[in-house]
Amino acid sequence: MKSYIAIGAILSAIGILFGAFGSHSLKSKLNPEQLMVFDIATRYLMYHAMGIFGIGILAYSVPESVVKIPVIFMLVGILLFSGSLYLISLKGFSKLGIITPIGGTAFIVSWVLLAINIYKLP
């Protein structure tokens, strides 16, 4: 579906923007550990932005019910996993570290649900 492709493309652009911002503007402002956390957030944002983009392409060949919930879980994962890591690295909100694994779990659930849904297809 084109909305998933558009969402994936926009999130990819944001990931590239954040990656450039991190490597150019934050190098002198964050310590190495904070930069590493920022980089992890950006990598996982990009992985799942491309996942959503790919699911958008896949959605042209499978029923929407196969892909809708996995995309929602990926978006939740991006928000919770990458979002919490961005706040931890930029603002020092270390207590948000308890949210990060929930986002990671959402990523795992999204991929497993996609696999199950694809496997169930005739």
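Shown above is the structure to which this text applies.
Residues numbered from 1 in each chain as written. Predicted model: local features only at pLDDT ≥ 70, side-chain atom pairs only at ≥ 80, totals over all residues. Heavy atoms only, no water.

Draft legend 1. Summary view of the packing of helix H1 (residues 2-24) against helix H2 (residues 32-58). As a packed pair, H1 and H2 sit with axes 8 Å apart at the nearest point and diverge in direction by 160°. In terms of orientation, H1 lies roughly antiparallel with respect to H2. In this structure, the crossing between H1 and H2 has a hand that is left-handed. Its residues placed into classes, the contact of H1 with H2 shows 18 nonpolar, 7 polar and no charged. (Axes fitted to C-alpha atoms, helices over the stretch in contact; angles between N-to-C directions. Helix = DSSP H or I, 4+ residues; strand = E, 2+ residues; numbered from the N terminus. Parallel < 35°, antiparallel > 145°, perpendicular 65-115°, else oblique. Left-handed = near helix turned anticlockwise from the far one by under 90°. Nonpolar A, V, L, I, M, F, W, Y, C, P; charged D, E, K, R; others polar.)

Draft legend 2. Structural detail: the packing of aromatic side chains. Following the criterion strictly, the structure yields 7 aromatic pairs and no others. Geometrically, the ring pair formed by Phe18 and Tyr86 is edge-to-face, given 4.9 Å between the ring centres and 85° between the ring planes. In this pair, Phe18 sits in helix H1 while Tyr86 sits in helix H3 (residues 64-91), placing the two residues 68 residues apart along the sequence. A relative accessible area of 29% places Phe18 in the partly exposed class. (Phe/Tyr/Trp six-rings, centres within 6.5 Å; stacked < 30°, edge-to-face > 60°. Buried < 20%, exposed > 50% of the residue type's maximum accessible area, 1.4 Å probe, protein only.)

Draft legend 3. Fine view of the pattern of salt bridges. In the structure shown here, the tally under the stated rule is 1 salt bridge. With a closest N to O distance of 3.0 Å, Asp39 and Arg43 form a salt bridge. On the criterion of helical spacing, the pair formed by Asp39 and Arg43 is a turn pair, its members being 4 residues apart in helix H2. (Salt bridge = Lys/Arg side-chain N within 4 Å of Asp/Glu carboxyl O.)

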